[in-house]
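Breakdown of the fold
If you want the building blocks of each chain, they are given just below.
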Amino acid sequence: MKALTATYVIALTVLQIAFGNLEPRLFAFPLNFAILAGMIIVCAVVEREYGKSQWVKSLRSTDFSFFLLCLIAAWCVAGGCVPQTDAASAGWLYRLGLTGFATSLPFVGLLALLTVHLTVIIIHRLRRPVRQWGFTFIAAHAGLWLALVAGLLGSADMKDLRCVAMRGQETRTAYDKKGHINALPYAVELKDFRVERSEADNSVVQYEATISLDGERVALSVNHPHAATWQDKLYLVSYDHNAADNKPAYCVLQIVRQPWQAPMCLGIALLLFGVGGMLLSKIQAKQ
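Residues numbered from 1 in each chain as written. Predicted model: local features only at pLDDT ≥ 70, side-chain atom pairs only at ≥ 80, totals over all residues. Heavy atoms only, no water.

Let us now look at the packing of helix H1 (residues 2-19) against helix H6 (residues 105-126). Running from amino to carboxyl end, H1 crosses H6 at an angle of 145°, the nearest separation of the two axes being 8 Å. Considering only the axes of H1 and H6, their crossing is right-handed. Contacts between H1 and H6 involve Thr5, Tyr8, Val9, Leu12, Thr13, Leu15 and Gln16 on the former and, on the latter, Leu105, Pro106, Gly109, Leu110 and Leu113. A breakdown of the residues in the contact of H1 with H6 according to their chemical character gives 8 nonpolar, 4 polar and no charged. (Axes fitted to C-alpha atoms, helices over the stretch in contact; angles between N-to-C directions. Helix = DSSP H or I, 4+ residues; strand = E, 2+ residues; numbered from the N terminus. Left-handed = near helix turned anticlockwise from the far one by under 90°. Contact = heavy atoms within 4.5 Å. Nonpolar A, V, L, I, M, F, W, Y, C, P; charged D, E, K, R; others polar.)

Bringing helix H8 (residues 261-286) into the picture now. Look at H8: 38 Å from first C-alpha to last across 26 residues, which is about the 38 Å you get at 1.5 Å a residue. Buried residues of H8: Gly267, Gly274 and Gly277, and no others. Structurally, H8 contributes buried residues whose contacts are with helix H7 (135-154). (Expected span 1.5 Å × (residues − 1). Buried < 20%, exposed > 50% of the residue type's maximum accessible area, 1.4 Å probe, protein only.)

Time to look at the packing of H7 against H8. Between H7 and H8, the least distance of the axes is 7 Å, while the angle of their chain directions is 155°. Viewed along their axes, H7 and H8 adopt a mutual orientation that is roughly antiparallel. Considering the relative orientation of H7 and H8, their crossing is left-handed. Contacts between H7 and H8 involve Thr136, Phe137, Ala139, Ala140, Gly143, Leu144, Leu146, Ala147, Ala150 and Gly151 from the former and Pro263, Met264, Leu266, Gly267, Ile268, Leu270, Leu271, Phe273, Gly274, Val275, Gly277 and Met278 from the latter. The class makeup of the residues in the contact of H7 with H8 is 16 nonpolar, 6 polar and no charged. (Parallel < 35°, antiparallel > 145°, perpendicular 65-115°, else oblique.)

Locating Ser221 in the fold gives a position in strand E5 (residues 216-221). For Ser221, a relative accessible area of 11% puts it in the buried group. Filtering out sequence-adjacent residues up to four positions away, Ser221 remains in contact with Gln206, Tyr207, Glu208 and Leu236.

Enumeration according to the criterion identifies 8 aromatic pairs in this entry. Judged by centre distance (5.5 Å) and plane angle (45°), the ring pair of Phe33 and Trp260 falls under tilted. Of this pair, Phe33 sits in helix H2 (residues 31-50) while Trp260 sits in the loop between strand E8 (250-257) and H8, placing them 227 residues apart in sequence. Centre to centre, the rings of Phe101 and Phe107 are 5.3 Å apart; their planes meet at 75°, and the pair counts as edge-to-face. For the pair shown, Phe101 and Phe107 are each scored as buried. One aromatic cluster in this structure is built from Phe29, Phe33 and Trp260. Its end group placed over the ring of Phe137, Arg125 keeps NZ or CZ at 3.8 Å from the ring centre. (Phe/Tyr/Trp six-rings, centres within 6.5 Å; stacked < 30°, edge-to-face > 60°. Lys NZ or Arg CZ within 6 Å of the ring centre and 35° of its normal.)

So, about H1. For H1, with 18 residues, the first-to-last C-alpha span of 25 Å sits near the 26 Å given by 1.5 Å per residue. When we look at burial in H1, the residues that qualify are Thr5, Val9, Leu12, Thr13 and Gln16. Mapping the buried residues of H1 onto a view down its axis gives an arc of 105°, with all of them on the same face. Across H1 from its buried face, at more than 90 degrees, point the exposed residues Ala3, Leu4, Thr7, Ile10, Val14, Ala18 and Phe19. Positive backbone phi, approximately 85°, marks Gly20, located one or two places after H1. (Arc of directions from axis to C-beta.)

This part is about the nonpolar core. Membership of the largest hydrophobic core comes to 30 residues, with the highest contact counts inside it found for Leu36, Leu68, Ile72, Phe107, Leu114, Trp145 and Val149. Those elements that place two or more of their residues in this core are H2, helix H3 (54-59), helix H4 (62-80), H6 and H7. A per-element tally of this core places H6 first, with 9 residues. Not counting chain neighbours up to four residues away, the residues in contact with Leu68 comprise Thr5, Leu110, Leu113, Leu114 and His117. Ala165, Val195, Leu236 and Cys251 belong to the second-largest nonpolar core, a separate cluster that totals 22 residues. (Core = buried A, V, L, I, M, F, W, Y, C linked by side-chain atoms within 4.5 Å.)

Given below as structure tokens:
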């Protein structure tokens with residue numbers, strides 16, 4: 001299995017050099033759901049039909065888990081040592097995907113393989129009688145699986161938008177990094193703005209905006225976002241610096257849309273519960 005994984009990584013690296021990084025938005029809903037459902041079905045069939053085969057046992061083994069996590073950690077370290085940029089001027093580092101390792105084919109492929117590995121382990125355990133499941137084991141692995149899936153597939157549905165909130169004028173429009181228009185499910189309007197300056201040099205220390213979301217007044221300041229909906233968070237990022245009377249005509253809001261945020265938080269909570277329960281069981285067994 002390790003030899004096959006090494007071949008798999010080499011093949012992904014060749015594809016990375018040939019085609020470059022993945023574009024997450026190409027796998028947005030409903031394609032990501034279809035991929036997830038297909039992967040679960042294939043893993044269930046493989047576990048059912050070939051569960052006693054040596055290669056399936058190797059796929060769900062602890063040694064393979066360690067080997068796979070080491071590969072992912074190595075790629076993260078390599079990517080973390082390189083400035084992250086989309087510029088092709090980075091040369092061979094750009095071609096290998098190290099300047100944007102989070103969307104590089106080898107990194108995404110390794111995470112996908114880890115997802116398959118966890119899926120096979122969970123299905124294998126669930127095929128046992130209920131009393132043999134080990135609920136802390138299921139919680140830890142299911143939590144990691146859910147957090148991984150939410151991060152991997154959810155990145156395709158994540159959006160980073162900018163909205164210009166005008167004073168005295170409502171807007172329902174935001175723009176992505178490529179200038180594409182996105183409609184908002186709520187109306188945004190700037191109501192008030194306050195700039196806090198230093199007494200020493202009159203430099204800006206903090207600024208705060210009061211905006212209207214469908215008529216509801218909300219206060220925003222730097223590093224203090226507001227959850228507009230279950231998937232949207234609003235951040236105050238800039239304002240009209242040319243206003244002479246500290247009454248800007250507009251402010252710029254960053255809208256981070258993460259539809260998979262709730263599943264990811266649930267997965268992390270399950271992971272912590274499962275790992276904590278397993279550690280507690282080990283401690284009690286030693287005593």
